[in-house]
Structure formats: structure tokens, C-alpha cells
Amino acid sequence: MTGKSPKESFTIMNELVLPNDTNMLNNLMGGRLLHWMDIAAAISGQKHCNRIVVTASVDNVSFKHSIKLGDVVTIEARVSRAFNTSVEVRLDVWAQNIPSGTRVKSNEAYYTFVALDKDGYKIEVPELTPETDEDIELYNGALRRRQLRLVLGGKMKADDATELKALFMGKG
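Peer 1: In this structure, what is going on with unusual backbone geometry? I would like to understand it.
Peer 2: For residues other than glycine, phi is negative in most cases, and the peptide bonds are mostly trans. Positive phi outside glycine occurs at Asn-26, with the angle close to 65°. In this fold, Asn-26 is placed in the loop between β1 (11-16) and α1 (30-49). Residue Asn-26 is classed as partly exposed on the basis of its relative accessible area, which comes to 41%. Here Asn-50, not a glycine, exhibits a phi torsion of approximately 55°, which is positive. Here Asn-50 lies in the loop between α1 and β2 (52-58).

Peer 1: Is there a simple way to think about the pattern of salt bridges in this case?
Peer 2: Side-chain pairs of opposite charge can arise whenever the charged atoms involved come near each other. A full pass over the atoms with the stated rule returns 11 salt bridges. The closest approach of N and O atoms between Lys-64 and Glu-108, which form a salt bridge, is 3.6 Å. Residue Lys-64 is found in the loop between β2 and β3 (72-82), and its partner Glu-108 is found in strand β5 (residues 102-116); the two are separated by 44 residues along the sequence. In this structure Lys-64 comes out as partly exposed when scored by relative accessible area, which is 47%. You can call Glu-108 partly exposed: its relative accessible area is 28%.

Peer 1: Teacher, can you tell me more about the environment of Arg-32 here?
Peer 2: With respect to the helices and strands, Arg-32 occurs in helix α1. The sequence separation of Arg-32 and Thr-22 amounts to 10 residues, and the corresponding C-alpha distance is 8.5 Å. Setting aside anything within four residues of it in sequence, one finds Arg-32 in contact with Asn-20 and Asp-21.

How each quantity is defined
- Residues numbered from 1 in each chain as written.
- Predicted model: local features only at pLDDT ≥ 70, side-chain atom pairs only at ≥ 80, totals over all residues.
- Heavy atoms only, no water.
- Helix = DSSP H or I, 4+ residues; strand = E, 2+ residues; numbered from the N terminus.
- Buried < 20%, exposed > 50% of the residue type's maximum accessible area, 1.4 Å probe, protein only.
- Salt bridge = Lys/Arg side-chain N within 4 Å of Asp/Glu carboxyl O.
- Contact = heavy atoms within 4.5 Å.

Here it is, written out as C-alpha cells:
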């Protein structure tokens, strides 16, 4: 299976924040943003895998800046690492107020997707070949993030999380 670069999965999705997307303070509802992020991440994962992918996990999502009614939300997604049957997708979310010309980063997150075959069974995914310094940094950190997800999800014992232990012991 041929490896792919992160740029091959790069996806940009834009949404205009309309009244139906907001809460009583005219801020974008968090659930709506998470929905949009899931779509952008799934597109990115499918581009990498050339398969249907399903959401396996969503890392902690913190909202740094509120997004207002009328703002344009830009979600940038790209695969940061591929594992056996899953991919980690990095998302960066920007809010732009076009009349004022301001653009701020609202949040970032990592989503994990599992690739499925036509019968709904897990299937191997192509390797990821990082190219830029940022690609390499995201790629290298992905194993620690994966181990943390697995430990928190009860799928890995903390003692087996060697990358995390090395990080906390000053050897990572």
C-alpha cells in the first residue's frame, strides 16, 4: 500500500454562521461547530484512506474565542498520522468577520477515524509520509496522543503507554 502525504488529505470547509446556528448570545453553538468539524475531518480521512471512515474519538475541544453571528468559519483538516486501521486528523478552526477584516483562531482538535470496507469491517489504511517540519511534529506527537486516548478509554494500561511514560520521565 503506497504512503500518502498530509497535503493529499488537506481539506478546507467554510460555513457562514446564520441565526439558526447561534445561541441566545448570538454565538455559534458548540454542538454545531463540532458537527461541522466532524464533517471536515471525515472528508480528510476519506481522502487519505480512499474509504468510508467513521468517527472513533474526539479529543478535548476547548473554545478559545467565541464565533459570532455572521462570521465565516473556516475549518482546516488534514491527516496527521495513520495507524493500522485508523487515522488521526488535525483540525484548526478560524473565525473571520469579513466586514471588520478580523480573523482569529477559535480552536483546534484531533479526531480519530477508522476505515471500513464495503461490508463495514475495519480495513488497513495507507501510511502517512510527513513532509514539512510541522507535518513531522504532528506525526511524532500522534503516538503520544493515541496512547493517551487509549489509556483514558480503558483500552490500554498506563504501564504499557511507553511514549507517554517517556514524556513524563523526561526522555521523550
